[in-house]
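Commentary on secondary and tertiary structure
Chain by chain, the residues:
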Amino acid sequence: MMAIVVYQLFYRMVLGHSFNWWAIIKFLAQVSLGALGIGLAFGFASVLWLGFIFNDTVIEITLTLAVSYVAYFTAQEGSDVSGVLTVMTLGMFYSAVGRTAFKGESQQSLHHFWEMVAYIANTLIFILSGVVIAEGILGNGSIFKTHENSWGYLALLYVFVQISRVVVVAVLFPFLRYFGYGLEWKEAVILVWAGLRGAVALSLSLSVKRTSDNSSYITSDTGTLFVFLTGGIVFLTLIVNGSTTQLILHILNMDKLSAAKSRILKYTQFEMLNKALEAFGDLGDDEELGPADWPTVKRYISCLNDIEGERVHPHISTGDDHNLDHMNLKDIRVRFLNGVQAAYWGMLDEGRITPITANLLMQSVDEALDLVSHETLCDWKGLRSYMNIPNYYKFLQTSIVPQKIITYFTVERLESSCSISAAFLRAHRIARQQLHDFIGDSEIASLVIRESEEEGEEAKRFLEEVRLSFPQVLRVVKNRQVTYSVLNHLIDYVHNLEKIGLLEEKEMVHLHDTVQTDLKRLLRNPPLVKIPKVHDLINANTLLGALPSAVRETFVGSTKEIMKLRGTTLYREGSKPSGVWLISSGVVKWTSKSIGNKHCLHPTFTHGSTLGLYEVLAGKPCICDIVTDSVVLCVFIEADKILAALKSDPAVEDFFWQESVIILSKLLLPQIFEKTTMQDLRALVAQKSRMSIYIRGETFEIPHHSVGFLLEGFIKAQGFQGELLTSPAALCPYGDQSFRRSERSERGAGADSFSHQATWYQVETRARVILVDIAGFEANRTLLRRSSSLISHSVDHPSGSLTGEHGGLMSWPEEFYKIRHHQNDPEKANEKKNNLSAGAIHPSIFGSMINNAPGNAQRFSGSGLKPSYSHSYPRVPSNYVRPLFSAKSEGSSTIGKKLAVSERDPHVEDSNSKEKQGRDDSSDESGAEDELIVSIDSPSRLSFRHV
């Protein structure tokens, strides 16, 4: 179409305009680039407009027609640029970007409409040209008297046109040969000879004729002669070149199918014969008319009469076919990718993918089709970039752009990536099945199928990562697809009822419009990923949600949710801790030069993790690097807020220290706790741990099947002349070979050892140590817990409604917090005792449901953990006398446990024993095998005793 721009330049020169070199360059740039810009602008606007039109073929056709003519007149008359080039740009934009804006029947109707419009326009141009030529020749015979050699000029002009094409193709042949798709010499011959002239040339000649009627620069005879010569060239190219092109193709052997395509064609004909026999078997006999005659039927199926020989598989090669395997492989790849693209169109019609997603997927197939001759299937290569968050998103996070906007676009990008990956896997699965059904088992087909499966591995890994980090994204995408498919199924059902006569047309239209309304609402307001607010994140968090409401509310105003992209560093090893990161969704990866993570197969933390809490509590530098390994939704709490919360209650401090051990256990002892879920690890620390504070000179023991964690202070292994052990450190029992091997490997690697083995330790300075009994855990690698069917949430404790996976693991006794503040008020204390004795179920710090239980509990030594806490720093005593409780811990299948408080309130009456008994009976449906008595001396410490 650049020829039209050059034509306009010469046309203006003929009309008297003068141009220097700079004016020529400016004119060509203005006309071409201006037309390009106007065409793209109208294309974007019309595609956006089409997005608001829902399943209305008439309006879609009208819009495309109106936009085409408005764009032409805007460019040609309003902006003085090429209108033809503008419409061409608009059409290319529709073909490249807007092709998925038309779906199903609308696309077919639009195609047929524009095909008819093009046919009518071509016909009118040829008719008008013939009329003008006839009028000039017959109406005024002086034209040939003035130009006596017009016919000779026409012949010379035809020869000149052919020579000019030869020169142009010859000059550009090296570039066409080695760039792009490549051009063979046979194809170059056809390119020269098949250069037909048609409607465009005649249209330009007619514009010259129209100008010549009112111009002083071009006479009327010149305009008529211009139409005559142009029409003559068109006539000669159509008659001479057009009629002999097939002969040239035959001479050059370009009208024959390749060996691979011939085999596929013959194989398909045999398959057609089999399908015809199957159809005849199904339809050849019925109750009313009886049987049919196959020879008579076959005589009318002439397309199957020339089948000769035996059915041969298309991929069976002989010794003479040296290049056949490569041709077959290329052919099968092309057919496979065509099947993938057809599957994308089907998913677009079904509503599984959006037009934008469909356009990206089909573009990747188009790019892969260009490379099938020398590369394996590579349509995933064009989609790989959409699986990553763009780098400019990180820049936006550091700018003044609101965090909610960044979060919205990040989640939207995740949804698009998941939709692309799922559609890619589904389309390839459909294409593999179709290829196997058509070709069967062959080496070449199996090779292409293996290439497809290898391509899908990366897409599967991406979806698995999203399933682990943001499962709600996959759920939203699936809900959207299923909703659209169900509504489309309802439309098909209604139309089928009308087709078979069970519904009248008015009834069908009413039901159809009702379903269409639902479809519109789905497209306008689809299901979206709901990002919880800060208040909800805090309440649902296993750390903050377990705190008393008064303490928890202090974090709401100063806490904010943050969406971190993959590869973002939360904190570095050795840096000063600035706060605590609570992972709500996503995966983070830890690395450490001092600890080393070679014992970890997957050194990661997922949702529910509390990162940086130990460093804030101990005032130590960060002990590892934490980098996001996916898109992460997290909550950040400043260190000052955490330290201020410690002053509210001593039990809060104990609770925070216990929570910090969960992350330390995975960092320091990955060989034990790496495969343990955060839920099981919290239950283990909460139920089978004891924290103590020791002063200088004291000693303590690490019992067998237990591990300890030094959280503060310095200690030394008793009986060893070694260096001081500083926090943090893992204290393992002496004699365990697995601990010994891991310690030797760490020391051999040159890294600082954070795990030590000894039975007794001597305290050098004030030290905080927590002991965890892993006797049962080490055998099963999981802690069996009771069913959580009895968990209820009181009105005063809204934080109890946690997520399904982490809910109820560590919930705070709100009543205990209130009683500590009102322990000097006898009336309020008695009122609280009455509330407890009324049988209300209170969440304990360990997520257990505690209700009144009769009977006296005896104290036993539990689980091998000896009371080694310091006499100088005794346990935090109970500030009030609590009633005897029976506690059931959460879990799917657990051993029955009965928890009791060591000190019983003699004033508590057993008035609610029936209610308690009902709860006990309902909880025993899981099947109790033995019992465990637990004494609770403070809300942050338990001592376990076996019965």
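Remember, predicted model here, so these are calculated numbers, not experimental data.

Moving on to the overall build of the protein. A tally of regular secondary structure across the protein gives 31 helices and 24 strands. Burial statistics for the protein: of 947 residues in total, 46% are counted as buried. Looking at the protein alone, contacts between residues at least 24 apart form 77% of all its contacts between residues at least 6 apart. A total accessible area of about 48,800 Å² is found for the protein, and carbon and sulfur atoms account for 58% of it.

In this section: the packing of aromatic side chains. Applying the stated criterion across every chain yields a total of 16 aromatic pairs. Within the aromatic cluster, the residues linked to one another by ring pairs are Tyr694, Phe700 and Tyr761. Lying over the aromatic face of Tyr178, Arg177 brings its terminal NZ or CZ to 5.5 Å of the ring centre.

Time to look at a nonpolar patch on the surface. Among the surface-exposed residues, Val159, Ile163, Val167, Val168, Val171, Leu172, Phe175, Leu176, Tyr178, Phe179 and Leu191 lie close enough to one another that they form a single nonpolar patch of about 1,100 Å² accessible area. Its place among the elements puts Ile163 in helix α7 (residues 150-178). Overall, Ile163 belongs to the partly exposed group, its relative accessible area being 48%.

On to helix α21 (residues 549-556), then. Within the span of α21, buried status applies to Val551, Arg552 and Phe555. Burial along α21 is one-sided: seen end-on, the buried residues are contained in an arc of 95°.

In this numbering, the UniProt entry assigns the feature "transmembrane region" (unreviewed entry) to residues 20-50, 57-75, 81-97, 117-139, 151-176, 188-206 and 226-252. Along residues 57-75 the backbone is 100% helical and 0% strand, and the end-to-end C-alpha distance reaches 27 Å. Structurally, residues 151-176 comprises 100% helix and 0% strand, and the distance from its first C-alpha atom to its last is 36 Å.

Another point: the sheet that holds strand β11 (residues 689-694). Strand pairing in a sheet takes place through backbone hydrogen bonds and is either antiparallel or parallel in direction. Spatially, five strands are ordered β11-β19-β13-β16-β17 in an open sheet, and the strand pairing comes out mixed. A single partner strand is all that each edge strand has here, and the edge strands are β11 and β17 (755-757). On average, adjacent strands in this sheet sit at an angle of 25° to one another, irrespective of strand direction. Sheet topology note: the β11/strand β19 (residues 767-773) ladder contains six bridges and is antiparallel. Opposite Met691, over in β19, you have Ile770 as the bridge partner. Together, β11, β13 (706-712), β16 (729-732), β17 and β19 form the strand contacts of helix α24 (residues 650-668), whose direction differs from that of β13 by roughly 115°. Lying on the sheet, helix α26 (residues 678-687) is in contact with β11 and β19; it crosses β11 at an angle near 55°.

The next thing to look at is the nonpolar core. Core analysis: the largest hydrophobic core is formed by 65 residues, its most contacted members being Leu611, Phe656 and Phe709. Contact partners of Leu611, with chain neighbours within four places excluded, come to Leu570, Tyr571, Gly579, Val580, Trp581, Ile583, Val588, Phe605, Ile626 and Ile663. Counting 53 residues, the second-largest nonpolar core is a separate cluster that includes Ile264, Leu425, Val448 and Phe470.

Each neighbour pair has its own omega, and for Ser727 with Pro728 the value is -5°, a cis peptide bond. With respect to the helices and strands, Pro728 occurs in the loop between β15 (725-726) and β16. We note that His705 has phi near 60°; this positive angle belongs to a residue other than glycine. Checked against the element boundaries, His705 lands in the loop between β12 (699-701) and β13.

Let us now look at the state of the cysteines. If you walk through the whole model with that rule in mind, you get zero disulfides. No disulfide involves Cys622; its sulfur sits 7.5 Å from that of Cys624, the nearest cysteine.

On to a negative patch on the surface, then. A contiguous patch of negative charge, built from Asp285, Asp286, Glu287 and Glu288, is present on the exposed surface. As for its position among the elements, Asp285 is in strand β1 (residues 285-286). Given the relative accessible area of 51%, Asp285 is considered exposed.

For the rest of this paragraph, the subject is the packing of helix α17 (residues 443-469) against helix α18 (residues 471-499). Orientation of α17 relative to α18, taken along the N-to-C sense of each, is 110°, at an axis distance of 5 Å. Viewed along their axes, α17 and α18 adopt a mutual orientation that is roughly perpendicular. Only Pro471, Val473 and Leu474 of α18 make contact with α17, whose side of the interface consists of Leu463, Val466, Arg467, Leu468 and Ser469. Grouping the constituent residues of the contact of α17 with α18 by class yields six nonpolar, one polar and one charged.

With that settled, consider the confidence of the model for the protein. Per-residue confidence for the protein gives a mean pLDDT of 75, with 76% of residues at or over 70. Every residue in residues 740-752 scores below 50 in pLDDT, and together they form 24 contacts with partners more than four places removed in sequence or on other chains. In the model, residues 782-947 has pLDDT below 50 throughout and makes 350 contacts with residues more than four positions away in sequence or in other chains.

Here is what the cut-offs are and how they apply
- Residues numbered from 1 in each chain as written.
- Predicted model: local features only at pLDDT ≥ 70, side-chain atom pairs only at ≥ 80, totals over all residues.
- Heavy atoms only, no water.
- Helix = DSSP H or I, 4+ residues; strand = E, 2+ residues; numbered from the N terminus.
- Buried < 20%, exposed > 50% of the residue type's maximum accessible area, 1.4 Å probe, protein only.
- Contact = heavy atoms within 4.5 Å.
- Areas by Shrake-Rupley, 256 points an atom, 1.4 Å probe, with all protein chains shown as cover.
- Phe/Tyr/Trp six-rings, centres within 6.5 Å; stacked < 30°, edge-to-face > 60°.
- Lys NZ or Arg CZ within 6 Å of the ring centre and 35° of its normal.
- Patch = residues over 30% accessible without salt bridge, like charges linked within 9 Å, V, L, I, M, F, W, Y side chains within 5 Å.
- Salt bridge = Lys/Arg side-chain N within 4 Å of Asp/Glu carboxyl O.
- Arc of directions from axis to C-beta.
- UniProt positions renumbered as here; feature names shortened; annotations may be inferred.
- Pairing = 2+ DSSP bridges.
- Axes fitted to C-alpha atoms, helices over the stretch in contact; angles between N-to-C directions.
- Core = buried A, V, L, I, M, F, W, Y, C linked by side-chain atoms within 4.5 Å.
- Disulfide = S-S within 2.5 Å.
- Lys, Arg positive; Asp, Glu negative; His and termini not counted.
- Charge placed at Lys NZ, Arg CZ, Asp CG, Glu CD.
- Parallel < 35°, antiparallel > 145°, perpendicular 65-115°, else oblique.
- Nonpolar A, V, L, I, M, F, W, Y, C, P; charged D, E, K, R; others polar.
- pLDDT = per-residue confidence, 0-100.

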